[in-house]
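Read off the chains here:
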Amino acid sequence: MIDRFSWVAIYPEIVLLVMACVIALIDLLDHSPRRTSAYVLALLTLLGVAGLTGMYAAGGQTIYGFDGLVVSDPMANWLKCFSALAMLVTFIYGRRYVTERGMLRGGEWYVLGLLSLLGAFVMIAANNLLLLYLGLECLTLASYAMVALRRDHAVSVEAAMKYFVLGAMASGFLLYGLSMLYGATGTLDIGGLFKAVSSGQIRHTVLVFGLVFVVAGVAFKFGAVPFHMWIPDVYQGAPTAVTLMIGAAPKLAAFAMAIRLLVEGLLPLAFDWQQMLGLLAIASLLIGNLAAIAQTNIKRMLAYSTISHMGFVLLGLMAGVVNGNALAAANAYSSAMFYVVTYVLTTLAGFGVILLLSREGHESEEIADFAGLNSRSPLYAGIMAICLFSMAGLPPLVGFQAKLSVLQALVSTGQGAYIGLAVFAVMMSLIGAFYYLRVIKVMYFDDPVSDAALDAPMDMRAVLTANGALLLILGILPGGLMALCAKAIVQMLAT
Amino acid sequence: MGWLSLAIWTPIAFGAVLLLLGRERQAQLVRWIALIGSLVSVLVTLPLYSGFRLGTAAMQFVEKSVWIPRFNVNYHLGVDGISLWFVLLTAFITVIVVIAGWEVIQQKVNQYMAAFLILSGLMIGVFSALDGVLFYVFFEATLIPMYLIIGIWGGPNKIYAAFKFFLYTLLGSLLTLVAFIYLYTRSGGSFDILTWQTLPLSGTAQTLLFFALFAAFAVKVPMWPVHTWLPDVHVEAPTGGSAVLAAIMLKLGAYGFLRFSLPILPDASREWAWLMIALSLIAVIYVGLVALVQQDMKKLVAYSSVAHMGFVTLGFFIFNDMGITGGLIQMIAHGFVSGAMFLCIGVLYDRVHSREIASYGGVVNTMPRFTAFALLFAMANCGLPGTAGFVGEWMVILGAVKANFWIGVAAATALISGAAYTLWMFKRVYLGPMVNDDVRKLTDINGREFLMLALLAIAVLWMGLYPKPITDVMDASVANLIKQVAVSKLN
């Protein structure tokens, strides 16, 4: 039944879609090289959507629309709100970069960005396997196109090709898995899936096979080892602004997908997927951190570090259901959510500084390009240092609070294996600290390679400074965001 | 805002202000603001001493407010007789360090001064935190400014030293974090350190926790055999960095043993005391001998620090009144004395740009005033009665003899090796004929250097002649601690 609530549930998506079309149309009339109208419209759209979803989220209601096809609960709305803000920041940071490199191409940059966000929104809101898949495809198709936006640039094209082939394969995995789940249970509805699986009447073999493929699909989106191969190549090969785009907001969508499929849909199989997530997490932490040490390209290094951070998120997700204690489960999932949100915030700042350093015809991609940044600009060096120390998990920065909450979730299960995992994760953080420190060393201890002053447009400088400050402020006062995540997860589990 | 909060945040606020002043021509302004900031932070710590109630082991100047409600983490501060003096010491040493860096540091003066002021606030935070997470945050955050201090203003091999410092100490503290979280879950969701001290724990849990905490605190102290980072770091760090490292940062580890290991894990502490005593004795005897053969003055003092800190941990783990009080006094005395020794080396290094003992000789002829100070600090370093160094060592040895005669004898050999390496260095650097032109061209200390050394000299003599104010503050808390260690918490 399509009632008023159904429309309320998908207002943000409607706004996004309409505005993406409007921007594409207006762009036909705007021939200015900087496409200011598209830029401003895109920012306004994102602000509006963020405000709308934030308002919904604060309202705290759970609405199912279109006969349970979509769900609009606080968790979904907060994730949408944060994704929209992340996209907003991405547009601001990337503006000069894409303009200088001729990637605007008639505003396509903004249109594709909004469409990929639409895909993320649909994924986050989906309460149905098919809709989830549609959202995923919408997100990834727009991303493939964006990676290839510099079509005269061989590296980018190669990255787009890799991304497309591997991404298509992962989508295939996921679809295959979803079809098995459908075959076994006869329903596409995630709530129905849960009921069918928990009834215990289903053939376990088919379910578990389906589960394996689903987990593989989720792991691909997260970039967890061994489904991580695309991450370093795509992060490095894509234009930096695009790297920022695919590295930030989609992580939130991936988290939503994991929660919807594994927790809301397949919780009765938790014992099976917990072990899988545990293995993926161990491998991600190990390989992500070890491989990052050897990198000289900072985008590649951050790519491997992303892999290791996703290992932490998976640890948070798996710590949830050891003894069926709902409170402990909510604690664990909200720690994962907190981790993912703060990680996106940190990534934005990091790539923001990389974008700032990139000049026309010169990509600041090597770690050596950061040499002596502190002498050239203490402000940007400070922001980058805060970002890296945060990723290393050092207090008083937000990365520490994120690691603390995941470790707390692991240890409070009280099981030896989980405590062992916590110790392992902590040891891997030590390796992580080493390569983050190396970049800080280059920035602070080495002599600058050039004295060229760093200037940034006003809007970018303001947002970047606020972003860096937020990493510190949230590190000192994490209570609000933590409570928000906890509340969202509790309500998600309750319905 | 209570006095403790003021003590923590005043230097940090001044440091933050300094970071906003960037240009080199503002350097003089930066120096004055830094000096004022450090003096103000001394002023706000004074009420802590004057208002301290003697004769109680309870925490004083307690402040408590909710910080992270989801994990029941509180902004919980307080000092007792064990921590009070370290708060005062930290604020005092920061003034000295600001004066010491006055003319020496010419580049990025604002960042240099800001790093030390922020570091000062963070370390005061460590000494006054009564919440596990708060403690950990301050404990770890000190790594950031120290890493930058070593790396930006350090010697030729600074990068190696900065990494070694950072990764060694981080390794230790990460395990501590897991231990804290474990204690949090065991206590039913509390990070309160005083609650942890009443928590019953099984023997295995205690042992595992003991070693997880040991990883952090032993590296920080540093105890043998995880002390190897210290000489490397001292050699490369700038003078001020060495002084703060030796005077205060090393105390964070020893303080951790007193605040966590002993009262929270009394059974494991007693069970593993033999190990701690053995490691301490190795530090005292073996590292003392290692110090004897050093060619580099800073390395020599660094190894001497390891040996002296061995006394501290030895004192703690013989579990009697004499030992623990002696260890605490030794910590404070070592703060003054080693800080002063590093500053003396800095004075010479600024003029000659060498720390090799062999490049000096006969300094007394050109720098008589300076040599007088250096002699006083050298005497304090070998524990001459009447100086700060004597009181603590003497008490630890007495305590050790009370516990076991042979431990006391072994510890007492340190007095011999300590005197040997200190006096031998003194002889080679300051006495004898002038060996080269560098020494002939030396100029004696100026007013600024005189001021900073005089302040330390007063402190060293005062502690040596009249330590009563210090021991008075400690007595009740130490007695309480010994009671806590004596009671088994096995359930």
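Residues numbered from 1 in each chain as written. Chains lettered and ligands numbered in written order. Predicted model: local features only at pLDDT ≥ 70, side-chain atom pairs only at ≥ 80, totals over all residues. Heavy atoms only, no water.

A. Local environment of the overall build of chain B. Along the backbone of chain B there are 22 helices and two strands. On C-alpha atoms alone, chain B measures out to a radius of gyration of 21 Å, which is about the 23 Å that the 2.2 N^0.38 rule sets for 491 residues. Seen along its three principal axes, the alpha-carbon backbone of chain B occupies a region of about 70 × 55 × 40 Å. The burial tally for chain B puts 67% of its 491 residues in the buried class. In chain B, once contacts between residues fewer than 6 apart in sequence are set aside, the share between residues at least 24 apart is 80%. For chain B, the accessible area works out to roughly 15600 Å², and carbon and sulfur atoms hold 68% of it. With 28 positive and 22 negative side-chain charges, chain B shows a spacing of 2 Å between the two charge centroids. (Helix = DSSP H or I, 4+ residues; strand = E, 2+ residues; numbered from the N terminus. Rg over C-alpha atoms; globule rule 2.2 N^0.38 Å. Buried < 20%, exposed > 50% of the residue type's maximum accessible area, 1.4 Å probe, protein only. Contact = heavy atoms within 4.5 Å. Areas by Shrake-Rupley, 256 points an atom, 1.4 Å probe, with all protein chains shown as cover. Lys, Arg positive; Asp, Glu negative; His and termini not counted. Charge placed at Lys NZ, Arg CZ, Asp CG, Glu CD.)

B. Inspection of the overall build of chain A at higher detail. Broken down by element type, chain A carries 20 helices and two strands. A compact globule built from 495 residues should have a C-alpha radius of gyration of about 23 Å, and chain A, at 21 Å, falls within 12% of that. Along the three orthogonal principal directions, the C-alpha set of chain A runs to about 70 × 55 × 40 Å. Residue burial in chain A is summarised as follows: out of 495 residues, 64% are buried. By sequence separation, contacts in chain A at least 24 residues apart represent 80% of the contacts at least 6 residues apart.

C. Just the interface of chain A and chain B, in detail. Chain A puts 42 residues into the contact, and the matching count from chain B is 33 residues. Taken together, both faces of the contact between chain A and chain B bury some 3300 Å²; the carbon and sulfur share is 83%. Among the residues chain A hides against chain B, the three largest losses belong to A:Leu430, A:Leu437 and A:Phe445. Together they make up 19% of the total. Run the count over chain A and chain B and you get zero salt bridges. Inspection of the chain A/chain B interface yields six residue pairs in polar contact (both at pLDDT 80 or more). Those elements giving two or more residues to the side of chain A that touches chain B turn out to be helix H14 (326-357), helix H15 (373-376), helix H16 (378-391), helix H17 (398-411), helix H18 (416-445), helix H19 (458-476) and helix H20 (479-494) of chain A. Of the residues belonging to the side of chain A that touches chain B, the class tally is 27 nonpolar, twelve polar and three charged. (Buried area = accessible area lost by both parts, 1.4 Å probe. Salt bridge = Lys/Arg side-chain N within 4 Å of Asp/Glu carboxyl O. Polar contact = N/O pair within 3.5 Å; in protein donor to acceptor, adjacent residues only side chain to side chain. Nonpolar A, V, L, I, M, F, W, Y, C, P; charged D, E, K, R; others polar.)

D. Structural detail: the pairing of strand E1 (residues 60-68) of chain B. All names here are of chain B. In the sheet, E1 pairs with strand E2 (residues 73-79) via six bridges, with the strands oriented antiparallel. Across the sheet, Val 66 pairs through a bridge with Asn 74, a residue of E2. Linking E1 to E2, which pair antiparallel, is a turn of four residues; within it Asn 72 sits at a positive phi near 55°. (Pairing = 2+ DSSP bridges.)

E. Seen up close, the packing of aromatic side chains. Within the structure shown, the criterion is met by 56 aromatic pairs over all chains. Summarising the aromatic geometry, the rings of A:Tyr163 and A:Trp230 are spaced 5.1 Å apart at their centres and angled 10° between planes, so their arrangement reads as stacked. Remark: A:Trp230 occurs in helix H9 (residues 230-237) and A:Tyr163 occurs in helix H6 (residues 154-185); sequence separation between them is 67 residues. The cationic tip of A:Lys403 hangs over the ring face of A:Phe312; the distance from NZ or CZ to the ring centre is 5.0 Å. Against the face of B:Phe139 rests B:Lys220, its NZ or CZ located 4.7 Å from the ring centre. (Phe/Tyr/Trp six-rings, centres within 6.5 Å; stacked < 30°, edge-to-face > 60°. Lys NZ or Arg CZ within 6 Å of the ring centre and 35° of its normal.)

F. Layout of helix H1 (residues 3-20) of chain B. Residue and element names in this part refer to chain B. Over its 18 residues, H1 extends 26 Å from the first C-alpha to the last, a length consistent with the 26 Å expected when each residue adds 1.5 Å. Along its length, H1 shows its largest kink, about 30°, at Trp 9, and proline Pro 11 lies within four residues downstream of that point. Those residues of H1 that sit buried are Leu 4, Ser 5, Ala 7, Ile 8, Thr 10, Pro 11, Ile 12, Gly 15 and Leu 18. Those residues of H1 hidden inside the fold are in contact with helix H2 (27-50), E1, E2, helix H4 (109-128) and helix H5 (132-141). (Expected span 1.5 Å × (residues − 1). Bend = angle between axes of the 7 residues up to and from the residue.)

G. Seen up close, the nonpolar core. In this structure, A:Trp109, A:Trp273 and B:Phe377 are the most contacted members of the largest nonpolar core, which totals 410 residues. Residue contributions to this core peak at 21 residues, all from H14(A). Once residues lying within four places of it in the same chain are set aside, the contact partners of B:Phe377 are B:Val337, B:Ala340, B:Met341, B:Cys344, B:Leu453, B:Leu456, B:Ala457 and B:Val460. (Core = buried A, V, L, I, M, F, W, Y, C linked by side-chain atoms within 4.5 Å.)

H. Summary view of the pattern of salt bridges. Residues and elements named next belong to chain A. Under the definition given, this model contains 17 salt bridges over all chains. Across the pair Lys 162 and Asp 233 runs a salt bridge, and its minimum N-O distance is 3.1 Å. A residue pair is termed long-range when its members are at least 10 positions apart, and Lys 162 in helix H6 and Asp 233 in helix H9 qualify at 71 residues.

I. Structural detail: unusual backbone geometry. With an omega of 5°, the peptide bond running from A:Pro395 to A:Pro396 counts as cis. Inspection of the secondary structure assignment puts A:Pro396 in the loop between H16 and H17. With an omega dihedral of 5°, the bond running from B:Trp224 to B:Pro225 counts as a cis peptide bond. Examined against the element boundaries, B:Pro225 turns out to sit in the loop between helix H9 (203-220) and helix H10 (229-236). Not every positive phi belongs to a glycine, and A:Phe66 is a case in point at roughly 50°.

J. A look at the state of the cysteines. All names here are of chain B. Here the structure, examined in full by the defined rule, presents zero disulfides over all chains. Cys 344 takes part in no disulfide bond, and the closest cysteine sulfur, belonging to Cys 382, lies 14 Å away. Cys 344 sits in the buried class, given a relative accessible area of 5%. (Disulfide = S-S within 2.5 Å.)

K. Looking closely at a nonpolar patch on the surface. Side chains of A:Leu470, A:Leu472, A:Ile473, A:Ile476 and A:Leu477 sit close together on the surface and give an oily, nonpolar patch of about 400 Å² of accessible area. Position of A:Leu472 among the secondary structure elements: in helix H19. (Patch = residues over 30% accessible without salt bridge, like charges linked within 9 Å, V, L, I, M, F, W, Y side chains within 5 Å.)

L. Looking closely at the packing of helix H11 (residues 249-265) of chain A against H20(A). Residues and elements named next belong to chain A. Between H11 and H20, the least distance of the axes is 11 Å, while the angle of their chain directions is 45°. Relative to H20, H11 is oriented oblique. The crossing of H11 and H20 is right-handed. Seen from H11, the contacting residues are Ile 259, Arg 260, Val 263 and Glu 264; seen from H20, they are Ile 489, Met 492 and Leu 493. Residues belonging to the contact of H11 with H20 are distributed by class as follows: five nonpolar, no polar and two charged. (Axes fitted to C-alpha atoms, helices over the stretch in contact; angles between N-to-C directions. Parallel < 35°, antiparallel > 145°, perpendicular 65-115°, else oblique. Left-handed = near helix turned anticlockwise from the far one by under 90°.)

M. Spatial organisation of the side chain of A:Thr342. Residue position: A:Thr342 is located in helix H14. Among the polar contacts made by the side chain of A:Thr342, one reaches the main-chain carbonyl oxygen of A:Phe338 at a distance of 2.9 Å.

N. Main features of the environment of B:Asp131. Residues and elements named next belong to chain B. Note on placement: Asp 131 falls in the loop between H4 and H5. Through-space distance from the C-alpha of Asp 131 to that of Trp 196 is 9.9 Å; in sequence the pair is 65 residues apart. Once you skip the residues sitting within four places of it in the chain, Asp 131 turns out to touch Asn 72, Val 73, Asn 74, His 76, Phe 191, Asp 192 and Ile 193.

O. Expanded view of the environment of B:Leu209. By the secondary structure assignment, B:Leu209 is in helix H9. Here B:Leu209 falls in the buried class, since its relative accessible area comes to 5%.

P. Up close: the packing of H5(B) against helix H6 (residues 143-153) of chain B. Residues and elements named next belong to chain B. Close contact between H5 and H6 brings their axes to 5 Å; oriented N to C, the two are set at 5°. When the interaxial angle is binned, H5 and H6 end up roughly parallel. For the pair H5 and H6, the contacting residues are Phe 139, Glu 140 and Ala 141 in the first and Leu 143, Ile 144 and Pro 145 in the second. Classifying every residue of the contact of H5 with H6 by side-chain character gives five nonpolar, no polar and one charged.

Q. Quick peek at the pairing of E2(B). In terms of burial, E2(B) is a largely internal element, seven of the seven residues being buried. Residues B:Val73, B:Tyr75, B:Leu77 and B:Val79 line one face of E2(B) and the alternating positions B:Asn74, B:His76 and B:Gly78 line the opposite face, and both faces are buried.

R. Focus on the confidence of the model for chain B. All names here are of chain B. Across chain B, the average pLDDT comes to 87, with 99% of residues at or above 70. Looking across chain B, the model is least confident in helix H20 (residues 437-440), with a mean pLDDT of 79, and most confident in H4, with 91. Predicted complex, confidence summary: ipTM 0.87, pTM 0.91. (pLDDT = per-residue confidence, 0-100.)

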